[in-house]
2 protein chains.
Amino acid sequence: MILKSIALAVMAGLAAAAQAPKATSSSPQEIMDAAPATAWKTVPAEDLVIMTLADGHVVAYQLASQFAPVHAANIRQLVRTGYFNGASILRVQDNYVVQWGRPDEDPTKPAGITAAPPAEYEATLKSVKFKALPYRDAYAAKVGYIGGWPAASDGKAAWLVHCYGMIGVARNNPPDTGDSTQLYTVIGHAPRHLDRNLTVAGRIVSGMEFLTALPRGTDTLGFYKTDAERLKIVSTKMASDMPTGGRPSFQVMDTDAPDFARWVKARANRDQAFFVRPAGAVDLCNAQTPVRKAP
Amino acid sequence: MILKSIALAVMAGLAAAAQAPKATSSSPQEIMDAAPATAWKTVPAEDLVIMTLADGHVVAYQLASQFAPVHAANIRQLVRTGYFNGASILRVQDNYVVQWGRPDEDPTKPAGITAAPPAEYEATLKSVKFKALPYRDAYAAKVGYIGGWPAASDGKAAWLVHCYGMIGVARNNPPDTGDSTQLYTVIGHAPRHLDRNLTVAGRIVSGMEFLTALPRGTDTLGFYKTDAERLKIVSTKMASDMPTGGRPSFQVMDTDAPDFARWVKARANRDQAFFVRPAGAVDLCNAQTPVRKAP
């Protein structure tokens, strides 16, 4: 909602059911809040990376182990060998991507990774549980979800898509040159033309707003011109290597749960008092799987 | 492109034609650069607003006079009576909107505006020159362009859509409560469910990156909690009121020009060396009309 007043926004956002002058369905937020524990799946600690930036902000991201196992293994190895500690945010291009890793002039070599992983761009449709949305898509015959992730399919293959907050693996021109030493996340309108052109290896689950609010780089393609402009990455850790009591933990909504189907339908058909004309449809990247801190 | 190296990025970005190992078509950038002067239209100075922020950054936006004449007239009047001078950025919600104007507690009253403009959400299709894209859309039967603007149609009506950088008019629940005293721009994946629910009154043509990089607000819906957090708007001026010699001027590509059609096709079918699999389609909001400084 784009209300003019914070007072009205609070009222509408937090007490819609009580205040609305006409009968309305549950809002997407209300459906999420009411969903049982079984509608949520905890992100495995072995798939959760905690990245601390030099400005004190913490970003957490989830690895897409099912879709990009070799790239995910590389990221775990790079994290555990400290490759990203002292790396930096290299590039922020408006309405496109934030990219991090080590710059050209940095002599640090990655240790123990698969140097040339296969281009993990897609899986066979038969090998996954693809749940299609009933809405059109500009790029693919079908879009929907696979095990909590936004995905697309052409009827034979299925692949993860470049929605806001998804993480991909930077590469040079040949497809097998993405070794996970440089990663990027989408910060604007989904650049879906990158689907099946780069490996999608994860997604941001917390702290996205600290990456998207970074100053845009002023060199070609939004790279920072000087090292002084680059925000450093102080540390990157696997959640599974942190003490059990204090480690962060997140949950992603189960895209096969009935509550999720209700949530999508409510996103597509908003009939709360503010809306004059519910859309009757939703773009996949506007119905990204809800994520929350583990209660 | 998500190249790993700034050196490679420069090479690929600026000299793709010379470096590419296989024969490729012109890139979207090359088509833009080669387009004749007739493929560009200058934004009328009477539709161009120059907003200077307290951090020194300048944002320019174009009014959608054809589609929202009453709201555009209100904005001109608010600008000329100094309503926005001393107003502020009120809200930054990640992956959604930046909203500006005056907060609830500000006693400043707008002078000489239409207090309750009609909800200028759509026009009849017959009254506009709608140029459809040949690609699917999740929300509308057809998407395309009207006179340089991204638009959608159901075969009877046509309307401007909420792409990245488009400007809308905040309102309270009744549709006729948007008087242009608070405006917002889209900073994430296009929230197309807002189409025909709010008046689209313009678009950012320069300085978008200064709005998108602002810290996200931490109150409900991304509103800032305190006045101290709000970046002030120092001044807002109509370009037409500035001295002819020194005023900023921008050009928007003519969406009816053959060069624009080539540009869209190239955006949809990127066959430069980096791309393994051109998409063969493009989402309307990923093919937003190019804008440049007037040469």
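As a reminder, the structure under discussion sits directly above these lines.
This structure is a prediction, so every number in the text was calculated from the model and none was measured. (Residues numbered from 1 in each chain as written. Chains lettered and ligands numbered in written order. Predicted model: local features only at pLDDT ≥ 70, side-chain atom pairs only at ≥ 80, totals over all residues. Heavy atoms only, no water.)

(A) Quick peek at the overall build of chain A. Summing up its helical and strand segments, chain A has six helices and 16 strands in all. Taking 19 Å as the expected radius of gyration for a compact globule of 295 residues, we find that chain A reaches 20 Å, a close match to that expectation. Dimensions of chain A along its principal axes, counting C-alpha atoms only, are 65 × 45 × 45 Å. A total of 295 residues make up chain A; the buried ones form 57% of that total. Within chain A, counting contacts between residues at least 6 apart in sequence, those at least 24 apart form 71% of the total. When the accessible surface of chain A is totalled, it reaches about 11200 Å², and 55% of it is carbon and sulfur. Looking at chain A, you have 31 positive and 26 negative side-chain charges, and the mean spots of the two groups are 6 Å apart. (Helix = DSSP H or I, 4+ residues; strand = E, 2+ residues; numbered from the N terminus. Rg over C-alpha atoms; globule rule 2.2 N^0.38 Å. Buried < 20%, exposed > 50% of the residue type's maximum accessible area, 1.4 Å probe, protein only. Contact = heavy atoms within 4.5 Å. Areas by Shrake-Rupley, 256 points an atom, 1.4 Å probe, with all protein chains shown as cover. Lys, Arg positive; Asp, Glu negative; His and termini not counted. Charge placed at Lys NZ, Arg CZ, Asp CG, Glu CD.)

(B) Quick peek at helix α4 (residues 69-80) of chain A. Residue and element names in this part refer to chain A. Here α4 spans 16 Å end to end across twelve residues, near enough to the 16 Å set by a 1.5 Å rise per residue. The set of residues buried in α4 consists of H71, A72, N74, I75, R76, L78 and V79. Among the structural elements, β2 (48-53), β3 (58-63), β11 (166-169), β12 (183-186), β13 (200-206) and β14 (233-238) are those in contact with the buried residues of α4. Note on α4: the residue one or two positions beyond its end, G82, has a positive phi of about 75°. (Expected span 1.5 Å × (residues − 1).)

(C) Quick look at the pairing of strand β5 (residues 97-101) of chain B. Residue and element names in this part refer to chain B. Of all five residues that make up β5, five are buried, and the element is covered over most of its length. Residues V97, Q99 and G101 point to one face of β5 and V98 and W100 to the other, with burial holding for every one of them. Strand direction decides the pairing type here: strand β4 (residues 88-93) and β5, joined by five bridges, are antiparallel. Directly across from I89, in β5, lies its bridge partner W100. Count of turn residues in the β4/β5 antiparallel hairpin: three residues, of which N95 carries a positive phi of about 60°. (Pairing = 2+ DSSP bridges.)

(D) Geometry of the packing of aromatic side chains. Throughout the structure, instances matching the rule amount to twelve aromatic pairs over all chains. The interplanar angle of 25° and the centroid separation of 5.5 Å between the aromatic rings of F260(A) and W263(A) together place this pair among those described as stacked. With F260(A) and W263(A) both in helix α6 (residues 258-268) and three residues apart, this pair spans about one turn of that helix. Just as F260(A) is buried, W263(A) falls in that class too. Ring geometry for Y145(B) and F260(B): centres 4.8 Å apart, planes at 85°, overall edge-to-face. With Y145(B) in strand β8 (residues 142-146) and F260(B) in helix α6 (residues 258-268), this pair connects stretches of sequence that are 115 residues apart. Of the two residues, Y145(B) and F260(B), neither departs from the other in class, the shared state being buried. Of the aromatic side chains, those joined through ring pairs into one cluster are Y145(A), F260(A) and W263(A). (Phe/Tyr/Trp six-rings, centres within 6.5 Å; stacked < 30°, edge-to-face > 60°.)

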